[in-house]
Amino acid sequence: MAVRDNSGAVLDLIRSAGIISRVELAEQSGLTEASISRIVKLLIADGVVAETGRGTSTGGKRPTLLQLNRASRHAVGIYISNYRTRYVLTDLAGRVVAQCESPGGIVNHVRSEAIAEAQETITALLSAARVDRDTLLGIGIAVPGRQEVNKYLTGTQPEDWVEWDWVSIQQEFAASTGMWVAIENDSTCGAIGEFWISRAPASKDLAVVTVAAGIGFGLVTDGDVYRGATSNVGELGHVVVDANGPECPCGSRGCLELYASPANIVRRAMSDDILAAHLDLSGERDAMWSNFERIAIAAAGDDEGARALVVEAAQMLAVALVSITNILDLERVVLTGPALDHIGGLVADTVRVALAERAFARNVHLIDVRVSESGRDAAAVGAASLVIHQRLGATRRDRAGSQAPIDIASAG
Ligand SMILES: [Zn+2]
């Protein structure tokens, strides 16, 4: 296999190890030491990897250690969710060096506004972190919904309505910024982001549940994210939890989102007049997210009614996750996403108990359920690391032909 085909994988190993020798890289990658030497030489020549002192000898010469040259490249990650947009500027290791958030999202923004805002924000982030624009590899964008047939419509009048389809977002961002733009499903980005931020070993599978407006699921396996046929993986929100349940907009019945999405938690709270008054929920049409935050804060603060609603939603999430873990034999589930800002611990506790009681492999191994330490940033960081991954090495996705591999020497 060509040297460049493996450079992305080698870069990933260096990233997840922090500091590593060529011999260890050969052991962990399965490549020969000669191949590793050639790849490392290219990575060093390109400035993305640096030598950093010597390790301990195992008999012969003390090995030279390698690490990422973090400041050599940067990427922007943008997570456009329904009600807000999160921006991060990361270094080559996926570490956030600047970040901010705007209240504009898919529901209350049109694409042209989002692009204008992104241009200004990127300039501001670069300036705040004192990062040279020339080191930017590109922009990664995480968006909810289905690729190709995204039906989000925004704009005040029907004639202004603009669809937020993935192709237009990618093309218009690329045209207006002149940068390389990658776009991906938000739950997939959440999984990649979690993988990078937690420095998870590439050998471990990592399942990530993202609770935003919808509920998504991402799976990182062998250090790469599982994308399915068309990047439409991870629609955990449309896993059926009640075959006789109400109709779902997706065309199915009794989907998880009908019970556990933030909008449906709000709907349930609003249908209880006493609870709605007690929590001071607003009847305004665009108050969904602020209402949800009120419920979440009350639930975290031991308000009984709010807590019961959240636990009920988490139990439905657990029903879906018992099935998923039974199919995939997962060891670790990380919960992330903007909807878990206040209730992550409560949801994780509920899911953990359900998996310990009902998962098929419960007597064989524990299933670790935890809340991401980077809930707000995971999808944006994942989008940024997608750029790093795709531009600095051929990934499986590249080899499958959906994105042309870019030569390391020309990156940046
Ligand atoms: Zn559905």
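Residues numbered from 1 in each chain as written. Predicted model: local features only at pLDDT ≥ 70, side-chain atom pairs only at ≥ 80, totals over all residues. Heavy atoms only, no water.

**Remarks on the overall build of the protein**
Link 1 in the chain: In terms of helices and strands, the protein carries 14 helices and 15 strands.
Link 2 in the chain: Expressed as a percentage of its 412 residues, the buried residues of the protein come to 54%.
Link 3 in the chain: As displayed, the protein offers around 18400 Å² of accessible surface, 50% of which is attributable to carbon and sulfur atoms. (Helix = DSSP H or I, 4+ residues; strand = E, 2+ residues; numbered from the N terminus. Buried < 20%, exposed > 50% of the residue type's maximum accessible area, 1.4 Å probe, protein only. Areas by Shrake-Rupley, 256 points an atom, 1.4 Å probe, with all protein chains shown as cover.)

**Describing the coordination of the zinc ion**
Perfect tetrahedral coordination of a metal by four donors corresponds to 109.5 degrees between them, and perfect octahedral coordination by six donors corresponds to 90 or 180 degrees.
Link 1 in the chain: Every protein donor of the zinc ion is accounted for by His238 (ND1), Cys248 (SG), Cys250 (SG) and Cys255 (SG), and the metal-donor separations fall at 2.0 to 2.3 Å.
Link 2 in the chain: In this structure His238 comes out as partly exposed when scored by relative accessible area, which is 27%.
Link 3 in the chain: Residue classification places Cys255 among the buried positions, given a relative accessible area of 0%. (Donors = N, O, S within 2.8 Å, 3.2 Å for Na, K, Ca; no water.)

**Remarks on the confidence of the model for the protein**
Link 1 in the chain: When pLDDT is averaged along the protein, the result is 84; 87% of the residues meet or exceed 70.
Link 2 in the chain: The model gives residues 153–158 a pLDDT under 50, and that stretch makes 15 contacts with residues more than four places away or in other chains.
Link 3 in the chain: Contacts of residues 394–412 to residues separated by more than four positions or lying in other chains number 44 contacts, the stretch itself having pLDDT below 50. (pLDDT = per-residue confidence, 0-100. Contact = heavy atoms within 4.5 Å.)

**Here we look at the side chain of Asp377**
Link 1 in the chain: Summarising the element assignment, Asp377 is placed in the loop between strand E15 (368–371) and helix H13 (378–392).
Link 2 in the chain: On the basis of relative accessibility, which here comes to 15%, the residue Asp377 falls in the buried class.
Link 3 in the chain: If near-sequence neighbours (up to four positions away) are discounted, Asp377 is found in contact with Arg86, Val88 and Val96.

**So, the pairing of strand E11 (residues 206–211)**
Link 1 in the chain: In terms of burial, E11 is largely enclosed, as six of its six residues are buried.
Link 2 in the chain: Every second residue of E11 is oriented toward a common face, with Leu206, Val208 and Thr210 on one face and Ala207, Val209 and Val211 on the other, all of them buried.
Link 3 in the chain: In this structure, E11 lies alongside strand E12 (residues 215–221), joined through six bridges in antiparallel fashion. Residue pairing in the sheet places Leu206 in a bridge with Val220 of E12.
Link 4 in the chain: Here E11 hands over to E12 after three residues, the two strands then running antiparallel side by side.
Link 5 in the chain: Both E11 and strand E14 (residues 332–336) contribute to a ladder of four bridges, which runs parallel. Bridge pairing in E14 places Val209 opposite Leu335. (Pairing = 2+ DSSP bridges.)

**Description of the packing of aromatic side chains**
Link 1 in the chain: Here the structure, examined in full by the defined rule, presents one aromatic pair.
Link 2 in the chain: For the pair Trp289 and Phe292, a centre-to-centre distance of 5.6 Å together with 40 degrees between the ring planes defines the contact as tilted. Of this pair, Trp289 and Phe292 both sit in helix H10 (residues 288–300), three residues apart, which is roughly one turn of that helix. Both residues of the pair, Trp289 and Phe292, belong to the buried class.
Link 3 in the chain: Over the ring of Phe195 we find Arg15; its NZ or CZ atom is 4.8 Å from the centre of that ring. (Phe/Tyr/Trp six-rings, centres within 6.5 Å; stacked < 30°, edge-to-face > 60°. Lys NZ or Arg CZ within 6 Å of the ring centre and 35° of its normal.)

**Overview of the pairing of E14**
Link 1 in the chain: Of all five residues making up E14, five are buried, and the element is well covered by its neighbours.
Link 2 in the chain: Residues of E14 alternate between two faces, with Arg332, Val334 and Thr336 on one and Val333 and Leu335 on the opposite face, all of them buried.
Link 3 in the chain: Relative to E15, E14 runs parallel, the two sharing four bridges. Note on E15: the bridge partner recorded for Val334 is Arg370.
Link 4 in the chain: The parallel pair E14 and E15, bridged by helix H12 (residues 344–358), forms a crossover whose chirality is right-handed. (Right-handed = clockwise from strand over helix to strand, strands pointing away.)

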